[in-house]
Amino acid sequence: MMLYMIAPLLNKGYHVYTDNWYSSLRFYLFLQEKNTLACGTVRENRDIPYELHDVQLNPGASAALCGDRKIVATKYHSTKVVHLLSSVHGHVEEDIPDRRHRGINKRPQASTQYNRNMGGVDKQDQLIHPYDCTRKSMKWTKKLFFHFMQVTACKCIHLAETS
């Protein structure tokens, strides 16, 4: 499914940002062969090197590993631990102003760019989550229908606020 959606972008040098549902090392290696770079969050139990998995981090700290194919695996602890894979960014840390303590925090560039480019999708998921109307006992067709209704309502509210 994902390959079908991004097929027009392959071999053109684009950067693709993916959610943890689609991210995997195998997929990123395939994209790299097709001259398309990728960055995204990855689930903790999927394609994270053992050396990075066992690292304990304090809030605000990060650790990274780079393989021979130039895909960087990063573990970053902000308010919770986030795992990232990136063939776009190395392990470069950026200074980010901290609004609460009026200081400066270090954050991996992959995390900053991911948040900048994936903001709309994650925001929509955050808005829908507290009002999730799907239940375990529903058939999948009803779940899909109600999910699309919620997404449509969320988009309508956003359009009404912006216009």
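Residues numbered from 1 in each chain as written. Predicted model: local features only at pLDDT ≥ 70, side-chain atom pairs only at ≥ 80, totals over all residues. Heavy atoms only, no water.

Looking at an unreviewed UniProt entry, the protein carries the name PiggyBac transposable element-derived protein domain-containing protein, with the source organism given as Batillaria attramentaria.

The next point concerns the sheet that holds strand β5 (residues 81-86). The five strands lie next to each other as β1-β2-β5-β4-β3, forming an open sheet whose pairing is mixed. Strands with a single pairing partner mark the edges of an open sheet, and in this sheet they are β1 (15-18) and β3 (62-66). The mean angle between the axes of side-by-side strands here comes to 15°, regardless of whether they run parallel or antiparallel. Strand direction decides the pairing type here: strand β2 (residues 37-41) and β5, joined by three bridges, are antiparallel. What sits directly across from Cys-39, in β5, is Ser-86. Its contacts with the sheet put helix α2 (residues 25-33) on β1, β2 and β5, and the angle it makes with β2 is roughly 160°. (Pairing = 2+ DSSP bridges. Helix = DSSP H or I, 4+ residues; strand = E, 2+ residues; numbered from the N terminus. Axes fitted to C-alpha atoms, helices over the stretch in contact; angles between N-to-C directions. Contact = heavy atoms within 4.5 Å.)

Our next topic: the packing of aromatic side chains. If you walk through the whole model with that rule in mind, you get two aromatic pairs. A ring pair is formed by Phe-27 and Tyr-28, whose centres lie 6.3 Å apart and whose planes are at 55°; its orientation type is tilted. Each member of the pair, Phe-27 as well as Tyr-28, is classed as buried. Between the aromatic rings of Phe-145 and Phe-146, the centroid separation amounts to 5.3 Å while the plane-to-plane angle is 70°, which identifies the pairing as edge-to-face. Phe-145 sits in the partly exposed class, given a relative accessible area of 47%. (Phe/Tyr/Trp six-rings, centres within 6.5 Å; stacked < 30°, edge-to-face > 60°. Buried < 20%, exposed > 50% of the residue type's maximum accessible area, 1.4 Å probe, protein only.)

Core analysis: the biggest nonpolar cluster contains 16 residues, and Met-2, Ile-6, Phe-27, Tyr-28, Leu-31, Leu-52 and Leu-85 have the highest contact counts within it. Mapped onto this core, the elements with two or more residues apiece are α1 (2-6) and α2. The greatest single-element share of this core, amounting to three residues, is contributed by α2. Sequence-distant contacts of Leu-52, that is, excluding residues within four places in its chain, are made with Ala-63, Ala-64, Leu-65, Ala-73, Thr-74 and Lys-75. (Core = buried A, V, L, I, M, F, W, Y, C linked by side-chain atoms within 4.5 Å.)

Now for the pairing of β1. Where β1 lies against β2, four bridges are found, and the strand directions are parallel. Paired with Val-16 across the strands is Ala-38, a residue of β2. Crossover β1 to β2 through α2 is right-handed. (Right-handed = clockwise from strand over helix to strand, strands pointing away.)

Relative to the assigned elements, Thr-141 resides in helix α5 (residues 140-162). What makes Thr-141 partly exposed here is its relative accessible area of 42%. In the structure, Thr-141 is positioned 26 residues away from Asn-115 in sequence and 32 Å away in space, judged by C-alpha atoms.

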